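Listed below, chain by chain, are the residues.
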Amino acid sequence: MVKTAPDGLPTPQRYGAIVTIGLGITIAVLDGAIANVALPSIAHDLHSTPAESIWIVNAYQIAIIASLLSFSFLGDIFGHRRVYQCGLAVFCATSILCALSTTLSMMTIARIMQGLGGAALMSVNTALIRLIYPQSLLGRGMGINSFVVAVSSAAGPTVAAVILAYGSWHWLFLINVPIALVALIISLRYLPPNNVATSRQRFDIPSALMNAATFGLLITAISSFSQGQSHGIVAAEVVAFLIIGYFFVRRQLTLPVPLLPIDLLRIPIFSLSMATSVCSFAAQMLAFVSLPFFLQNGLGRSEVDTGLLLTPWPLATMVMAPLAGYLIGRVNSGLMGSVGMLAMAVGLLSLAILPAQPSDAEIIWRMALCGAGFGLFQSPNNHTIISSAPQGRSGGASGMLGTARLLGQSSGAALVALLFNLFVHNGTHASLILAGIFSVLAAIVSGLRMNESKKTA
C-alpha cells in the first residue's frame, strides 16, 4: 500500500497515480461527448427523434451534476481513493448496460447510472492531484489534469470516428470496459489516501437530496422547455427548482462545512473563474452536439467523415494546452482566458457562416481555431479555480470545478434541442451563433479577473 508523502508522492508512485487518474477522467469526460457523433444512428436504431435523442447526452450530464458535490464531500469523509475506485467499478458495469440497450428508455436509465459512476470519478480527481504532487509541482499536475479534461472533452468526435470506422455505436460504450479495469487495477496500488475527516465534516443527507433536486430540476426544466413540453410542466419545474434551491442554499449557510461551498464563491476570482468555465463549456457543447447533425444531414457526410472533420479541434487543443500550462505564472490567467475565448468565438461564428457546400479545408481551419482558443483558456482557468481556494478546501473546489463544467455542458446540450425545435431547418446555425455569444461573454468575464489578480498579488 502506497502512503502519501508529507508533500506529495515520490516519483515512481506519482507516475502510476497520475496514469490511473488520467485513464479514469478520460473515459468519464469522453462519454459526455463520444455519443454525439453517433446520435443520428442511435436515434434511428432506438426509434426516437433527433430532439428526443438529446436525452442520451442529458441523462448522463444530469446524473453527474446532481451527485458531483455529494461524492466530493464523501471523498473528504471516507477517502478520495475509495470514492474514485468505486466510481471506476460502477462506470465499467454501466457501460456494458449502455451497449446492451434496445430502447431509448433503457439507454436513458443506463446513462443515468453511468453518470453516477462518472460523478464519483470527476468529484475527487483534483483533490487526489493535490495529494499526488508536491506543492512546488502542483501547477504541473493541474496542467496535466486540465489537459486531459480539455482533450477528452474535445476528442469525442475523433475517438467516435475511429471506433465507428470498424464497428457499430455499441462499441462506443464497450471500449470503456478494458480501460476502466486497467485503471482500477493500477489505482489499487498507486492512489494515495487522504487525511481523516475532521469531526466537523458529517455527510448531511438532506443537503445531498436538495442538491440533487436543485441541479436536477434546473437542467430538467431547461430540457423540458427545449423539448416543447407544456408551459405548465416547465413552470412547475422552475417553481420547484426555486423553492428547493432557496432552502438548499439557506441550509448550507448554517453548516460548518457545507456540501455546496458557498464560502468559496465569496472569493471574487474564484466565482469569476467559475462563471467563465460555465460559459466556455456551454459554448463547446452547443457546437459538439449540433455540428454532427449539420455535417451528416446537411452536407451528407458519413459518421467517419464527421468525426475526422471535427478532429482538428482536439488536435489544436493538444498543441495549445501545454503552452498554456507553461505560461501559467508568467502571463496573467485572465488575459490568457480572454484571448483564448475570443479566438474560440471567432472560430464558432465563422462556422456559422460557412458556405452552402464548404470544402474540407474551410471546415478544418475553423475547427482548429476553436480548439486552439479553448486550449489556451482551459488549463489556466482550472488552475486559478483550485489555487484560489484554501488548501483545506480542495475537495470543495474540485467538486465546484466539475459542477461548473457539467452545468455548462448540460445547458449547452439542452439549448441545442431547444434551437432544433425553434429553428427546424437552421438549428445548427442558431446553435453556433449562440455558442459564439457564450464565448464572447466568457472572454469578458475572464478579463474581469485581471483586476482581481492585481488585488491579490
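Whatever comes next refers back to the structure up there.
Residues numbered from 1 in each chain as written. Predicted model: local features only at pLDDT ≥ 70, side-chain atom pairs only at ≥ 80, totals over all residues. Heavy atoms only, no water.

### Focus: the overall build of the protein chain
Of the regular secondary structure elements, the protein chain holds 19 helices and 0 strands. For a compact globule of 457 residues, the expected C-alpha radius of gyration is about 23 Å, and the protein chain comes in at 21 Å, within 12% of that figure. Principal-axis analysis of the C-alpha atoms places the extent of the protein chain at approximately 60 × 45 × 40 Å. A fraction of 83% describes how many contacts in the protein chain between residues 6 or more apart in sequence connect residues 24 or more apart. Of the roughly 17,500 Å² of accessible surface on the protein chain, a fraction of 70% belongs to carbon and sulfur atoms. (Helix = DSSP H or I, 4+ residues; strand = E, 2+ residues; numbered from the N terminus. Rg over C-alpha atoms; globule rule 2.2 N^0.38 Å. Contact = heavy atoms within 4.5 Å. Areas by Shrake-Rupley, 256 points an atom, 1.4 Å probe, with all protein chains shown as cover.)

### Considerations on the packing of aromatic side chains
The description of two aromatic rings rests on the distance between their centres and on the angle between their planes. Counting across every chain of the model gives 6 aromatic pairs. Look at tryptophan 169 and phenylalanine 173: their rings are 6.3 Å apart centre to centre, the planes differ by 85 degrees, and that puts the pair in the edge-to-face class. Residue classification places tryptophan 169 among the buried residues on the basis of a relative accessible area of 4%. Ring centres 5.2 Å apart and planes at 75 degrees place the aromatic pair tyrosine 246 and phenylalanine 247 in the edge-to-face group. Site record: aromatic cluster; members linked through ring pairs are Phe281, Phe374 and Phe377. (Phe/Tyr/Trp six-rings, centres within 6.5 Å; stacked < 30°, edge-to-face > 60°. Buried < 20%, exposed > 50% of the residue type's maximum accessible area, 1.4 Å probe, protein only.)

### Describing the pattern of salt bridges
Within the structure shown, the criterion is met by 3 salt bridges. Close ionic contact of aspartate 31 with arginine 111 constitutes a salt bridge, the shortest N to O distance being 3.7 Å. Of this pair, aspartate 31 sits in the loop between helix 1 (11-30) and helix 2 (39-45) while arginine 111 sits in helix 6 (residues 104-132); the two residues are 80 residues apart in sequence, bridging distant segments of the chain. Arginine 111 sits in the buried class, given a relative accessible area of 0%. (Salt bridge = Lys/Arg side-chain N within 4 Å of Asp/Glu carboxyl O.)

### As for empty space enclosed by the protein
One pass over the structure, following the stated rule, counts 1 cavity of 30 Å³ or more. Reported here for the largest cavity is a volume of approximately 70 Å³. The set of elements that each furnish at least two residues to the lining of the largest cavity consists of helix 6, helix 7 (138-166) and helix 18 (394-422). The leading source of residues in the lining of the largest cavity is helix 18, at 4 residues. Of the residues assigned to the lining of the largest cavity, the class counts are 4 nonpolar, 6 polar and 1 charged. (1 Å grid on protein atoms, 1.4 Å probe; cavity = no way out; pocket = protein on both sides within 12 Å on 5 of 7 lines; lining within 4 Å. Points joined across faces, edges and corners; volume = space filled by probe spheres on them. Nonpolar A, V, L, I, M, F, W, Y, C, P; charged D, E, K, R; others polar.)

### Concerning helix 11 (residues 231-252)
Since the α-helix advances by 3.6 residues per turn, residues separated by three or four positions end up pointing in the same direction. With 22 residues, helix 11 should cover 32 Å at 1.5 Å per step; its first-to-last C-alpha distance of 31 Å lies within 8% of that length. Buried within helix 11 are the following residues: Val234, Glu237, Gly245, Phe248 and Gln252. Projection of helix 11 onto a plane perpendicular to its axis shows the buried side chains occupying an angular sector of 65 degrees, all on one side. Along helix 11, exposed side chains directed more than 90 degrees from the buried face belong to His231, Gly232 and Leu242. Considering only its buried residues, helix 11 is in contact with helix 10 (205-226) and helix 12 (262-265). (Expected span 1.5 Å × (residues − 1). Arc of directions from axis to C-beta.)

### Observations regarding the nonpolar core
The biggest cluster of nonpolar side chains holds 62 residues, and the ones touching the most others in it are Ile56, Trp169, Leu172, Trp313, Met344 and Leu348. Among the elements that make up this core, the one with the highest residue count is helix 13 (residues 268-298) (11 residues). With sequence-adjacent residues up to four places away left out, isoleucine 56 is seen in contact with Ala35, Leu39, Ile42, Leu46, Leu104, Met107 and Arg111. With 61 residues, the next largest nonpolar core counts Tyr60, Ala120, Ala180 and Phe215 among its residues. (Core = buried A, V, L, I, M, F, W, Y, C linked by side-chain atoms within 4.5 Å.)

### A look at the environment of serine 152
Inspection of the secondary structure puts serine 152 in helix 7. Sequence separation between serine 152 and tyrosine 166 is 14 residues; the distance between their C-alpha atoms is 21 Å. Ignoring anything within four residues of it in the chain, the contact list for serine 152 reads Thr26, Val29 and Leu30.

### Re the layout of surface pockets
Put simply, the second largest pocket is a space of about 380 Å³. Along its surface, the second largest pocket is lined by 18 residues, and Phe294, His425, Asn426, Gly427 and Thr428 are the ones closest to its centre. Among the residues making up the lining of the second largest pocket, the classes are represented as 10 nonpolar, 8 polar and no charged.

### Side note on a nonpolar patch on the surface
Nonpolar side chains collect at one region of the surface, where Val239, Ile243, Tyr246 and Phe247 lie side by side and expose about 400 Å² of accessible area between them. With respect to the element layout, phenylalanine 247 can be found in helix 11. (Patch = residues over 30% accessible without salt bridge, like charges linked within 9 Å, V, L, I, M, F, W, Y side chains within 5 Å.)

### Describing the packing of helix 4 (residues 55-78) against helix 6
Orientation of helix 4 relative to helix 6, taken along the N-to-C sense of each, is 35 degrees, at an axis distance of 6 Å. Here helix 4 and helix 6 pass one another in a crossing that is right-handed. Tallied by class, the residues present in the contact of helix 4 with helix 6 amount to 17 nonpolar, 8 polar and 1 charged. (Axes fitted to C-alpha atoms, helices over the stretch in contact; angles between N-to-C directions. Left-handed = near helix turned anticlockwise from the far one by under 90°.)

Keep in mind these numbers describe shape, not what the thing actually does.
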